[in-house]
Amino acid sequence: MIKLYDYILSGSCYKVRLMLNILNIEYEVVPVDFYPGLEHKKPEMLALNPLGQLPVMVDGDLVLRDAQSILVYLASKFDDSNSWFPDDAAARGQVAMWTAFGGGEIMAASAARLHDVLNYPFDIDQQRKSAHAAFVILDDHIAEQEIMGLDWLAGGAPTIADIACFPYVSLSEDGGISREEYPAIERWLRRFMDIPGFIDMPGVLQHWRN
Amino acid sequence: MTQIDSTTLNQWYVIQSSAALTPSQPRKTRLLGRDILAVRQEDGQATAWEVSTKGEQGQALPVRECYDYVWTTLGEPDGDIFSMPEFYEDGRRMVVCGIATVQTSPGRIIENFLDMSHFPFVHTDVLGAEPDTEVNNYKVNLRKDVNELWATECGFYQPKAMASATEGIEVDYQYRVANPFAAILYKTCPDRADAMDLVGILPQPLDETNCDIHYFMLVFDDVNSDQELIQFQQGILMQDRVILENQRPRELPLQRGAEITIRADAASIQYRRWIKEMGVGFGTL
(Lines give C-alpha, C1' and ligand atoms only; values in the text may rest on other atoms or scores of the structure.)
Protein backbone atom coordinates (compact mmCIF):
# COMPACT_ATOMS: atom_id res chain seq x y z
CA MET A 1 0.00 0.00 0.00
CA ILE A 2 1.10 3.59 -0.61
CA LYS A 3 2.72 5.17 2.40
CA LEU A 4 2.55 8.89 3.01
CA TYR A 5 5.00 10.44 5.46
CA ASP A 6 2.70 13.14 6.66
CA TYR A 7 2.36 16.17 8.92
CA ILE A 8 -1.19 17.27 9.57
CA LEU A 9 -0.47 21.01 9.44
CA SER A 10 1.58 20.85 6.24
CA GLY A 11 -0.18 22.26 3.21
CA SER A 12 2.21 20.33 0.99
CA CYS A 13 1.24 17.03 2.61
CA TYR A 14 -2.37 18.16 2.24
CA LYS A 15 -1.88 18.36 -1.56
CA VAL A 16 -1.07 14.66 -1.58
CA ARG A 17 -3.91 13.78 0.79
CA LEU A 18 -6.31 15.64 -1.50
CA MET A 19 -5.19 13.71 -4.57
CA LEU A 20 -5.28 10.36 -2.77
CA ASN A 21 -8.76 11.06 -1.51
CA ILE A 22 -10.12 12.44 -4.77
CA LEU A 23 -8.84 9.40 -6.69
CA ASN A 24 -10.07 7.15 -3.89
CA ILE A 25 -6.67 5.50 -3.38
CA GLU A 26 -6.08 3.54 -0.20
CA TYR A 27 -3.01 4.70 1.69
CA GLU A 28 -1.25 4.48 4.99
CA VAL A 29 -0.26 7.61 6.92
CA VAL A 30 3.05 7.67 8.76
CA PRO A 31 2.81 10.71 11.03
CA VAL A 32 6.10 12.61 11.25
CA ASP A 33 6.71 14.88 14.21
CA PHE A 34 7.65 17.92 12.10
CA TYR A 35 7.09 20.18 15.08
CA PRO A 36 8.21 20.23 17.85
CA GLY A 37 10.21 17.03 17.18
CA LEU A 38 11.87 18.13 13.88
CA GLU A 39 11.81 14.47 12.86
CA HIS A 40 12.07 15.36 9.16
CA LYS A 41 15.64 16.51 9.85
CA LYS A 42 16.64 13.24 11.55
CA PRO A 43 18.66 10.44 9.88
CA GLU A 44 15.72 8.10 9.30
CA MET A 45 13.79 10.73 7.35
CA LEU A 46 16.87 12.19 5.65
CA ALA A 47 17.50 8.72 4.24
CA LEU A 48 14.13 9.01 2.50
CA ASN A 49 14.50 12.65 1.54
CA PRO A 50 17.93 14.27 1.82
CA LEU A 51 16.25 17.68 1.48
CA GLY A 52 14.67 17.13 4.89
CA GLN A 53 11.19 18.07 3.71
CA LEU A 54 7.74 16.60 3.75
CA PRO A 55 5.82 14.97 2.15
CA VAL A 56 7.50 11.76 1.13
CA MET A 57 5.56 9.04 -0.64
CA VAL A 58 6.60 5.42 -0.86
CA ASP A 59 4.92 3.04 -3.31
CA GLY A 60 6.69 -0.32 -3.39
CA ASP A 61 10.29 0.45 -4.30
CA LEU A 62 9.52 3.96 -5.46
CA VAL A 63 10.33 6.82 -3.11
CA LEU A 64 9.17 10.28 -4.18
CA ARG A 65 9.62 13.66 -2.54
CA ASP A 66 8.08 17.00 -3.51
CA ALA A 67 4.30 17.29 -3.51
CA GLN A 68 4.10 18.33 -7.18
CA SER A 69 6.08 15.29 -8.31
CA ILE A 70 3.91 13.02 -6.20
CA LEU A 71 0.78 14.55 -7.77
CA VAL A 72 2.16 13.80 -11.24
CA TYR A 73 2.85 10.22 -10.24
CA LEU A 74 -0.49 9.57 -8.57
CA ALA A 75 -2.53 11.10 -11.40
CA SER A 76 -0.50 9.26 -14.05
CA LYS A 77 -0.89 5.92 -12.33
CA PHE A 78 -4.37 6.01 -10.85
CA ASP A 79 -6.54 8.48 -12.77
CA ASP A 80 -8.44 6.38 -15.30
CA SER A 81 -10.25 9.46 -16.60
CA ASN A 82 -6.93 11.00 -17.62
CA SER A 83 -8.26 14.40 -16.65
CA TRP A 84 -6.06 15.31 -13.66
CA PHE A 85 -2.86 15.14 -15.71
CA PRO A 86 -4.02 15.15 -19.33
CA ASP A 87 -2.07 13.64 -22.25
CA ASP A 88 -2.53 16.44 -24.77
CA ALA A 89 0.77 18.27 -25.14
CA ALA A 90 -0.53 21.83 -24.83
CA ALA A 91 -2.82 20.94 -21.96
CA ARG A 92 -0.05 19.11 -20.15
CA GLY A 93 2.26 22.07 -20.60
CA GLN A 94 -0.28 24.39 -18.99
CA VAL A 95 -0.91 21.95 -16.17
CA ALA A 96 2.84 21.72 -15.50
CA MET A 97 3.15 25.51 -15.58
CA TRP A 98 0.49 26.11 -12.92
CA THR A 99 1.61 23.11 -10.90
CA ALA A 100 5.07 24.64 -10.74
CA PHE A 101 3.46 27.93 -9.68
CA GLY A 102 1.84 26.04 -6.79
CA GLY A 103 5.20 24.64 -5.71
CA GLY A 104 7.02 27.90 -6.43
CA GLU A 105 5.62 31.41 -6.17
CA ILE A 106 2.65 30.41 -4.00
CA MET A 107 5.03 28.99 -1.39
CA ALA A 108 5.72 32.52 -0.15
CA ALA A 109 2.30 32.17 1.53
CA SER A 110 3.58 29.00 3.19
CA ALA A 111 6.66 30.83 4.47
CA ALA A 112 4.47 33.59 5.93
CA ARG A 113 2.37 30.94 7.67
CA LEU A 114 5.45 29.18 9.09
CA HIS A 115 6.61 32.54 10.40
CA ASP A 116 3.31 33.40 12.05
CA VAL A 117 2.39 29.98 13.41
CA LEU A 118 5.70 28.31 14.21
CA ASN A 119 8.01 31.32 14.58
CA TYR A 120 10.22 30.55 11.60
CA PRO A 121 12.79 33.33 11.20
CA PHE A 122 11.62 34.59 7.81
CA ASP A 123 11.37 38.19 6.64
CA ILE A 124 7.61 38.33 7.08
CA ASP A 125 7.03 41.56 5.17
CA GLN A 126 8.95 40.27 2.16
CA GLN A 127 7.13 36.90 2.21
CA ARG A 128 3.71 38.55 2.42
CA LYS A 129 4.63 40.92 -0.39
CA SER A 130 5.76 38.02 -2.57
CA ALA A 131 2.59 36.08 -1.76
CA HIS A 132 0.39 39.03 -2.69
CA ALA A 133 2.30 39.41 -5.97
CA ALA A 134 1.59 35.73 -6.73
CA PHE A 135 -2.07 36.07 -5.69
CA VAL A 136 -2.53 39.01 -8.07
CA ILE A 137 -1.27 36.87 -10.95
CA LEU A 138 -3.46 33.96 -9.88
CA ASP A 139 -6.55 36.13 -9.43
CA ASP A 140 -6.11 37.71 -12.89
CA HIS A 141 -5.59 34.31 -14.46
CA ILE A 142 -8.71 32.81 -12.87
CA ALA A 143 -10.79 35.81 -13.95
CA GLU A 144 -9.55 35.41 -17.54
CA GLN A 145 -10.32 31.70 -17.46
CA GLU A 146 -13.83 32.44 -16.20
CA ILE A 147 -14.42 34.89 -19.05
CA MET A 148 -13.59 32.03 -21.41
CA GLY A 149 -15.99 29.77 -19.53
CA LEU A 150 -13.23 27.77 -17.88
CA ASP A 151 -13.52 27.14 -14.14
CA TRP A 152 -10.02 25.81 -13.48
CA LEU A 153 -6.40 26.89 -13.69
CA ALA A 154 -5.55 24.80 -16.75
CA GLY A 155 -8.83 24.31 -18.54
CA GLY A 156 -12.42 23.23 -18.09
CA ALA A 157 -11.75 20.49 -15.57
CA PRO A 158 -9.70 20.47 -12.35
CA THR A 159 -6.13 19.16 -12.66
CA ILE A 160 -3.17 18.61 -10.39
CA ALA A 161 -2.39 22.31 -10.94
CA ASP A 162 -5.48 23.25 -8.95
CA ILE A 163 -4.46 20.82 -6.21
CA ALA A 164 -0.92 22.23 -6.13
CA CYS A 165 -2.22 25.77 -5.68
CA PHE A 166 -5.23 25.24 -3.39
CA PRO A 167 -3.68 24.52 0.06
CA TYR A 168 -1.48 27.55 0.64
CA VAL A 169 -3.95 29.92 -0.99
CA SER A 170 -6.77 28.70 1.23
CA LEU A 171 -4.51 28.77 4.33
CA SER A 172 -3.13 32.25 3.58
CA GLU A 173 -4.86 33.95 6.50
CA ASP A 174 -2.84 31.77 8.90
CA GLY A 175 0.09 33.84 7.66
CA GLY A 176 -1.69 37.18 7.83
CA ILE A 177 -2.43 37.33 4.10
CA SER A 178 -5.96 38.55 3.51
CA ARG A 179 -7.76 37.51 0.33
CA GLU A 180 -10.27 40.39 0.37
CA GLU A 181 -8.76 41.81 -2.80
CA TYR A 182 -9.04 38.57 -4.79
CA PRO A 183 -12.67 37.77 -5.64
CA ALA A 184 -11.80 35.38 -8.47
CA ILE A 185 -9.58 33.36 -6.13
CA GLU A 186 -12.44 33.18 -3.62
CA ARG A 187 -14.80 31.81 -6.27
CA TRP A 188 -12.22 29.25 -7.38
CA LEU A 189 -11.62 28.14 -3.75
CA ARG A 190 -15.36 27.54 -3.33
CA ARG A 191 -15.55 25.53 -6.55
CA PHE A 192 -12.56 23.49 -5.42
CA MET A 193 -14.26 22.54 -2.15
CA ASP A 194 -17.12 21.04 -4.15
CA ILE A 195 -14.88 18.56 -5.99
CA PRO A 196 -16.07 15.03 -5.12
CA GLY A 197 -13.63 13.53 -2.64
CA PHE A 198 -12.53 16.92 -1.27
CA ILE A 199 -11.26 16.80 2.31
CA ASP A 200 -10.29 19.72 4.51
CA MET A 201 -7.43 20.29 6.90
CA PRO A 202 -7.13 22.43 10.04
CA GLY A 203 -7.31 26.06 8.97
CA VAL A 204 -9.32 25.46 5.80
CA LEU A 205 -12.75 26.85 6.51
CA GLN A 206 -14.81 24.29 4.67
CA HIS A 207 -18.01 24.87 6.61
CA TRP A 208 -18.01 28.58 5.81
CA ARG A 209 -17.88 28.03 2.09
CA ASN A 210 -21.53 28.78 1.50
CA MET B 1 2.52 50.03 28.08
CA THR B 2 0.28 50.74 31.01
CA GLN B 3 1.08 49.37 34.44
CA ILE B 4 0.56 45.61 34.65
CA ASP B 5 -1.84 44.53 37.37
CA SER B 6 -0.38 42.56 40.27
CA THR B 7 -2.51 39.44 39.64
CA THR B 8 -1.08 39.07 36.16
CA LEU B 9 2.42 39.99 37.28
CA ASN B 10 2.48 37.50 40.15
CA GLN B 11 1.75 34.36 38.12
CA TRP B 12 4.15 31.66 37.01
CA TYR B 13 4.33 31.41 33.22
CA VAL B 14 5.72 28.70 30.99
CA ILE B 15 8.40 30.08 28.70
CA GLN B 16 9.66 26.87 27.09
CA SER B 17 9.42 23.11 27.37
CA SER B 18 12.22 21.52 29.38
CA ALA B 19 13.20 19.35 26.44
CA ALA B 20 13.44 22.24 23.99
CA LEU B 21 15.67 24.37 26.24
CA THR B 22 19.18 23.02 25.71
CA PRO B 23 22.56 24.72 26.18
CA SER B 24 22.78 25.20 22.42
CA GLN B 25 19.19 26.43 22.09
CA PRO B 26 18.47 29.44 24.29
CA ARG B 27 15.04 30.99 23.89
CA LYS B 28 14.79 34.70 23.26
CA THR B 29 11.20 35.62 23.86
CA ARG B 30 8.89 38.08 25.54
CA LEU B 31 6.72 37.92 28.61
CA LEU B 32 4.11 40.57 29.47
CA GLY B 33 5.71 42.96 27.03
CA ARG B 34 9.27 42.57 28.32
CA ASP B 35 12.16 40.93 26.47
CA ILE B 36 13.57 37.91 28.26
CA LEU B 37 16.16 35.27 27.52
CA ALA B 38 16.01 31.70 28.82
CA VAL B 39 19.24 29.74 28.84
CA ARG B 40 20.04 26.18 29.86
CA GLN B 41 23.45 26.29 31.54
CA GLU B 42 26.03 23.60 30.82
CA ASP B 43 25.40 22.12 34.29
CA GLY B 44 21.77 21.54 33.30
CA GLN B 45 20.22 24.36 35.25
CA ALA B 46 17.57 26.47 33.52
CA THR B 47 18.03 30.20 33.94
CA ALA B 48 16.32 33.31 32.63
CA TRP B 49 16.79 37.04 32.78
CA GLU B 50 15.33 40.21 31.44
CA VAL B 51 16.96 41.85 28.46
CA SER B 52 17.13 45.63 28.34
CA THR B 53 16.00 47.63 25.32
CA LYS B 54 19.70 47.97 24.45
CA GLY B 55 20.01 44.17 24.46
CA GLU B 56 21.97 44.03 27.71
CA GLN B 57 21.50 41.34 30.33
CA GLY B 58 19.17 42.63 33.01
CA GLN B 59 17.63 41.32 36.18
CA ALA B 60 17.79 37.55 36.78
CA LEU B 61 14.36 35.93 36.99
CA PRO B 62 13.18 33.09 39.23
CA VAL B 63 12.98 29.83 37.29
CA ARG B 64 11.25 26.57 38.12
CA GLU B 65 11.14 23.34 36.18
CA CYS B 66 7.88 21.52 36.64
CA TYR B 67 5.70 19.21 34.50
CA ASP B 68 8.39 19.10 31.78
CA TYR B 69 8.21 22.87 31.39
CA VAL B 70 10.38 25.84 32.31
CA TRP B 71 8.46 28.50 34.25
CA THR B 72 9.27 32.01 35.31
CA THR B 73 7.59 35.06 36.76
CA LEU B 74 8.08 38.81 36.60
CA GLY B 75 6.41 39.29 39.98
CA GLU B 76 6.23 37.64 43.36
CA PRO B 77 3.82 34.70 43.23
CA ASP B 78 1.88 33.96 46.42
CA GLY B 79 2.24 30.27 45.95
CA ASP B 80 3.76 27.52 43.92
CA ILE B 81 2.85 26.44 40.41
CA PHE B 82 -0.61 24.85 40.50
CA SER B 83 -0.76 21.19 41.46
CA MET B 84 -1.28 18.53 38.82
CA PRO B 85 -0.87 15.19 40.59
CA GLU B 86 -1.82 13.29 37.42
CA PHE B 87 1.63 14.15 36.07
CA TYR B 88 3.10 11.68 38.54
CA GLU B 89 0.66 8.82 37.91
CA ASP B 90 2.10 5.57 36.62
CA GLY B 91 1.28 4.79 33.03
CA ARG B 92 0.36 8.29 31.95
CA ARG B 93 2.24 9.83 29.05
CA MET B 94 3.14 13.49 29.05
CA VAL B 95 3.10 14.65 25.45
CA VAL B 96 4.38 18.18 24.92
CA CYS B 97 2.76 19.45 21.72
CA GLY B 98 4.94 22.52 21.12
CA ILE B 99 4.09 26.19 20.83
CA ALA B 100 1.45 27.88 18.72
CA THR B 101 1.76 31.61 18.21
CA VAL B 102 -1.61 33.34 18.16
CA GLN B 103 -2.40 37.01 17.82
CA THR B 104 -4.87 37.41 20.65
CA SER B 105 -5.02 37.98 24.39
CA PRO B 106 -4.51 35.18 26.94
CA GLY B 107 -8.06 35.70 28.21
CA ARG B 108 -9.53 35.03 24.76
CA ILE B 109 -7.51 31.82 24.58
CA ILE B 110 -8.74 30.50 27.93
CA GLU B 111 -12.31 31.50 27.16
CA ASN B 112 -12.27 29.74 23.79
CA PHE B 113 -10.84 26.64 25.45
CA LEU B 114 -13.77 26.61 27.89
CA ASP B 115 -16.37 27.02 25.18
CA MET B 116 -17.93 23.75 24.08
CA SER B 117 -20.56 25.27 21.85
CA HIS B 118 -18.04 25.87 19.05
CA PHE B 119 -17.06 22.20 18.72
CA PRO B 120 -19.54 21.13 16.02
CA PHE B 121 -18.80 24.19 13.91
CA VAL B 122 -15.05 24.59 14.29
CA HIS B 123 -13.92 21.03 14.99
CA THR B 124 -16.44 19.42 12.66
CA ASP B 125 -16.50 15.61 12.76
CA VAL B 126 -13.76 15.55 15.39
CA LEU B 127 -14.91 17.20 18.63
CA GLY B 128 -18.47 17.73 17.45
CA ALA B 129 -20.89 17.34 14.57
CA GLU B 130 -24.18 18.75 13.47
CA PRO B 131 -26.94 18.15 14.41
CA ASP B 132 -25.61 17.16 17.87
CA THR B 133 -24.88 20.74 18.85
CA GLU B 134 -26.64 20.78 22.23
CA VAL B 135 -24.47 21.76 25.19
CA ASN B 136 -25.64 20.17 28.45
CA ASN B 137 -26.60 22.38 31.32
CA TYR B 138 -23.23 22.04 33.03
CA LYS B 139 -22.18 23.40 36.42
CA VAL B 140 -19.65 26.13 37.04
CA ASN B 141 -18.06 26.41 40.47
CA LEU B 142 -15.54 28.77 41.92
CA ARG B 143 -13.54 26.67 44.38
CA LYS B 144 -12.67 29.31 46.90
CA ASP B 145 -10.25 27.13 48.89
CA VAL B 146 -7.86 26.90 45.95
CA ASN B 147 -9.15 29.89 43.94
CA GLU B 148 -9.78 27.82 40.85
CA LEU B 149 -12.70 27.89 38.45
CA TRP B 150 -14.20 24.50 37.56
CA ALA B 151 -16.84 23.57 35.03
CA THR B 152 -18.24 20.10 35.55
CA GLU B 153 -20.88 17.76 34.15
CA CYS B 154 -20.13 18.91 30.64
CA GLY B 155 -21.40 16.03 28.53
CA PHE B 156 -20.99 16.24 24.80
CA TYR B 157 -21.29 13.86 21.87
CA GLN B 158 -17.98 13.69 19.99
CA PRO B 159 -17.26 11.81 16.75
CA LYS B 160 -13.53 11.54 17.55
CA ALA B 161 -12.91 12.73 21.07
CA MET B 162 -9.22 11.86 21.26
CA ALA B 163 -6.59 10.50 18.93
CA SER B 164 -7.28 6.98 20.21
CA ALA B 165 -11.05 7.16 19.64
CA THR B 166 -12.28 5.04 16.76
CA GLU B 167 -15.95 5.81 17.10
CA GLY B 168 -18.15 8.57 18.45
CA ILE B 169 -18.72 8.64 22.20
CA GLU B 170 -20.60 10.69 24.75
CA VAL B 171 -17.70 12.42 26.44
CA ASP B 172 -17.64 13.68 30.00
CA TYR B 173 -15.72 16.91 30.29
CA GLN B 174 -14.43 18.86 33.24
CA TYR B 175 -12.63 22.13 32.88
CA ARG B 176 -10.24 23.49 35.43
CA VAL B 177 -8.94 27.03 35.23
CA ALA B 178 -6.02 26.77 37.63
CA ASN B 179 -5.10 30.42 37.41
CA PRO B 180 -6.27 33.25 35.13
CA PHE B 181 -4.01 32.06 32.32
CA ALA B 182 -3.76 28.29 32.69
CA ALA B 183 -6.47 25.78 31.93
CA ILE B 184 -6.77 22.02 31.92
CA LEU B 185 -9.42 19.88 30.37
CA TYR B 186 -10.22 16.49 31.90
CA LYS B 187 -12.09 14.22 29.54
CA THR B 188 -13.20 10.61 29.36
CA CYS B 189 -10.30 8.41 28.36
CA PRO B 190 -11.36 6.25 25.40
CA ASP B 191 -9.02 3.48 26.59
CA ARG B 192 -9.91 3.44 30.30
CA ALA B 193 -13.43 4.07 31.47
CA ASP B 194 -12.30 4.86 35.03
CA ALA B 195 -9.76 7.51 34.06
CA MET B 196 -9.70 10.96 32.58
CA ASP B 197 -7.22 12.23 30.01
CA LEU B 198 -5.83 15.73 30.40
CA VAL B 199 -5.27 18.42 27.82
CA GLY B 200 -3.61 21.60 29.07
CA ILE B 201 -3.06 25.01 27.59
CA LEU B 202 -0.57 27.43 29.09
CA PRO B 203 -0.53 30.68 27.17
CA GLN B 204 2.65 32.69 27.53
CA PRO B 205 1.47 36.28 27.06
CA LEU B 206 4.09 38.00 24.89
CA ASP B 207 2.12 41.20 25.24
CA GLU B 208 -1.55 42.04 25.69
CA THR B 209 -2.66 40.72 22.30
CA ASN B 210 0.03 38.19 21.34
CA CYS B 211 0.58 34.81 22.93
CA ASP B 212 2.70 31.73 22.51
CA ILE B 213 0.43 28.88 23.57
CA HIS B 214 2.29 25.97 25.17
CA TYR B 215 0.05 22.91 25.21
CA PHE B 216 0.26 19.31 26.26
CA MET B 217 -1.63 16.07 26.65
CA LEU B 218 -1.34 13.82 29.69
CA VAL B 219 -2.99 10.58 28.70
CA PHE B 220 -3.37 6.86 29.06
CA ASP B 221 -2.96 5.67 25.50
CA ASP B 222 -1.31 2.41 24.47
CA VAL B 223 -2.32 2.72 20.85
CA ASN B 224 -1.11 6.01 19.43
CA SER B 225 2.45 7.18 19.01
CA ASP B 226 3.50 10.59 20.32
CA GLN B 227 3.52 11.73 16.71
CA GLU B 228 -0.13 10.81 16.28
CA LEU B 229 -1.15 12.46 19.55
CA ILE B 230 0.75 15.64 18.74
CA GLN B 231 -0.73 15.92 15.26
CA PHE B 232 -4.24 15.37 16.59
CA GLN B 233 -3.89 18.16 19.13
CA GLN B 234 -2.05 20.52 16.78
CA GLY B 235 -4.82 20.11 14.24
CA ILE B 236 -7.42 21.13 16.80
CA LEU B 237 -5.38 24.12 17.92
CA MET B 238 -4.95 25.36 14.36
CA GLN B 239 -8.70 25.28 13.89
CA ASP B 240 -9.07 27.36 17.07
CA ARG B 241 -6.34 29.74 15.95
CA VAL B 242 -8.40 30.85 12.95
CA ILE B 243 -11.33 31.70 15.21
CA LEU B 244 -9.20 33.41 17.85
CA GLU B 245 -7.43 35.65 15.37
CA ASN B 246 -10.74 36.78 13.92
CA GLN B 247 -12.22 37.87 17.26
CA ARG B 248 -12.47 41.62 17.85
CA PRO B 249 -11.45 43.23 20.02
CA ARG B 250 -8.43 41.01 20.60
CA GLU B 251 -8.61 41.91 24.30
CA LEU B 252 -11.20 40.16 26.44
CA PRO B 253 -14.05 42.56 27.25
CA LEU B 254 -14.93 42.48 30.94
CA GLN B 255 -17.54 45.21 31.12
CA ARG B 256 -21.20 44.27 31.42
CA GLY B 257 -23.07 43.75 28.17
CA ALA B 258 -19.96 43.90 25.98
CA GLU B 259 -20.87 40.71 24.17
CA ILE B 260 -24.18 38.87 24.03
CA THR B 261 -24.10 35.64 25.97
CA ILE B 262 -26.28 32.56 26.05
CA ARG B 263 -26.70 29.74 28.55
CA ALA B 264 -23.93 27.68 27.01
CA ASP B 265 -21.55 30.52 27.84
CA ALA B 266 -21.88 30.01 31.61
CA ALA B 267 -18.21 29.12 31.95
CA SER B 268 -17.21 32.16 29.94
CA ILE B 269 -19.35 34.48 32.05
CA GLN B 270 -17.93 33.07 35.27
CA TYR B 271 -14.39 33.24 33.92
CA ARG B 272 -14.73 36.90 33.00
CA ARG B 273 -16.30 37.73 36.36
CA TRP B 274 -13.64 35.80 38.25
CA ILE B 275 -10.64 37.45 36.60
CA LYS B 276 -12.31 40.85 36.86
CA GLU B 277 -12.73 40.36 40.61
CA MET B 278 -9.07 39.42 40.84
CA GLY B 279 -8.20 42.69 39.16
CA VAL B 280 -6.83 41.30 35.91
CA GLY B 281 -6.43 44.25 33.58
CA PHE B 282 -3.81 42.81 31.27
CA GLY B 283 -5.23 41.81 27.90
CA THR B 284 -8.74 42.91 28.86
CA LEU B 285 -10.96 45.88 28.19
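Residues numbered from 1 in each chain as written. Chains lettered and ligands numbered in written order. Predicted model: local features only at pLDDT ≥ 70, side-chain atom pairs only at ≥ 80, totals over all residues. Heavy atoms only, no water.

Enquirer: Give a description of the packing of aromatic side chains that names residues and reports values.
Expert: Under the defined criterion, the tally for this structure stands at 22 aromatic pairs over all chains. Ring centres of Tyr69 of chain B and Phe216 of chain B lie 6.2 Å apart, and the angle between their planes is 55°; this geometry places the pair in the tilted category. With a gap of 147 residues between them, Tyr69 of chain B in strand β7 (residues 69-72) and Phe216 of chain B in strand β14 (residues 210-219) connect regions that are remote in the sequence. Take Tyr69 of chain B and Phe216 of chain B: they sit in the same class, and that class is buried. Their ring planes at 85° and their centres at 5.1 Å tell us that Phe87 of chain B and Tyr88 of chain B sit as a pair that is edge-to-face. Taking the relative accessible area as the measure of exposure, Tyr88 of chain B reaches 59% and is therefore exposed. Joined through ring pairs, the aromatic side chains of Tyr14, Phe166, Trp188, Phe192 and Phe198 of chain A make up one cluster. Across from the ring centre of Trp150 of chain B, 4.1 Å away, lies the NZ or CZ of Arg143 of chain B, which sits over that ring. (Phe/Tyr/Trp six-rings, centres within 6.5 Å; stacked < 30°, edge-to-face > 60°. Helix = DSSP H or I, 4+ residues; strand = E, 2+ residues; numbered from the N terminus. Buried < 20%, exposed > 50% of the residue type's maximum accessible area, 1.4 Å probe, protein only. Lys NZ or Arg CZ within 6 Å of the ring centre and 35° of its normal.)

Enquirer: So what's going on with the sheet that holds strand β10 (residues 148-158) of chain B? Residues and values would help.
Expert: Residue and element names in this part refer to chain B. Spatially, the seven strands line up as an open sheet ordered β8-β14-β13-β12-β11-β10-β9, and their pairing is antiparallel. Two strands lie at the open edges of the sheet, namely β8 (93-102) and β9 (139-143), each paired on one side alone. Across the sheet, the mean angle separating the axes of adjacent strands is 20° when strand polarity is ignored. One ladder, built from eight bridges, connects β8 with β14; its direction is antiparallel. (Pairing = 2+ DSSP bridges. Axes fitted to C-alpha atoms, helices over the stretch in contact; angles between N-to-C directions.)

Enquirer: Any details on the interface of chain A and chain B? Residues and values, ideally.
Expert: Much of the literature gives interface size as the accessible area that the parts lose upon coming together. The partner chain B presents 22 residues to the 21 residues of chain A that form the contact. For the pair chain A and chain B, the summed buried surface comes to about 1800 Å²; carbon and sulfur atoms form 55% of the total. Applying the counting rule to chain A against chain B returns one salt bridge. Note that Asp174 of chain A and Arg241 of chain B form a salt bridge whose closest N and O atoms lie 3.8 Å from each other. (Contact = heavy atoms within 4.5 Å. Buried area = accessible area lost by both parts, 1.4 Å probe. Salt bridge = Lys/Arg side-chain N within 4 Å of Asp/Glu carboxyl O.)

Enquirer: Tell me about the domain arrangement of chain A, residues and numbers included.
Expert: All names here are of chain A. Domain annotation for chain A reports domain 1 (2-78) and domain 2 (89-208). Each of domain 1 and domain 2 was reduced to a C-alpha centroid, and the two centroids are 20 Å apart. Each partner contributes residues to the interface: domain 1 has 18 residues there, and domain 2 has 25 residues. Taking both partners together, domain 1 and domain 2 bury about 1800 Å²; carbon and sulfur atoms supply 74% of that area. (Domains from an automatic or database assignment.)

Enquirer: Residues and numbers for helix α5 (residues 107-118) of chain A, please.
Expert: Side chains that are three or four residues apart share a direction in an α-helix, a result of its 3.6 residues per turn. For α5 of chain A, spanning twelve residues, the distance from its first C-alpha to its last is 16 Å, which sits close to the expected 16 Å at 1.5 Å a residue. For α5 of chain A, the tally of buried residues reaches ten of twelve residues, placing the bulk of the element in the interior. Ala108, Ala109, Ser110, Ala111, Ala112, Arg113, Leu114, Asp116, Val117 and Leu118 of chain A are the residues of α5 of chain A that are buried. Those residues of α5 of chain A that are buried are in contact with α1 (11-22), α6 (124-147) and α7 (160-170) of chain A together with β8 and α4 (226-246) of chain B. (Expected span 1.5 Å × (residues − 1).)

Enquirer: How would you sum up the domain arrangement of chain B? Please name residues and give values.
Expert: Residues and elements named next belong to chain B. Here the domain parsing of chain B yields domain 1 (1-81) and domain 2 (82-277). In this structure, domain 1 and domain 2 have C-alpha centres spaced 24 Å apart. Between domain 1 and domain 2, the residue contacts involve 21 residues of the former and 22 residues of the latter. Carbon and sulfur atoms make up 58% of the area that domain 1 and domain 2 hide from each other, which totals about 1800 Å². Three residues, Arg30, Tyr67 and Tyr69, lead the burial of domain 1 against domain 2; their summed loss comes to 36% of the area buried on that side. Across the domain 1-domain 2 interface, the total number found is two salt bridges.

Enquirer: I'd like to hear about the sheet that holds strand β3 (residues 56-59) of chain A, residue by residue, with values.
Expert: Residue and element names in this part refer to chain A. In space, the four strands of this open sheet follow the order β2-β1-β3-β4, with mixed pairing throughout. The two strands at the open ends of the sheet, each matched to only one other strand, are β2 (27-31) and β4 (62-65). For this sheet the average axis-to-axis angle between neighbouring strands, irrespective of direction, equals 20°. Bridge count for strand β1 (residues 2-6) against β3 is three bridges, and the pairing is antiparallel.

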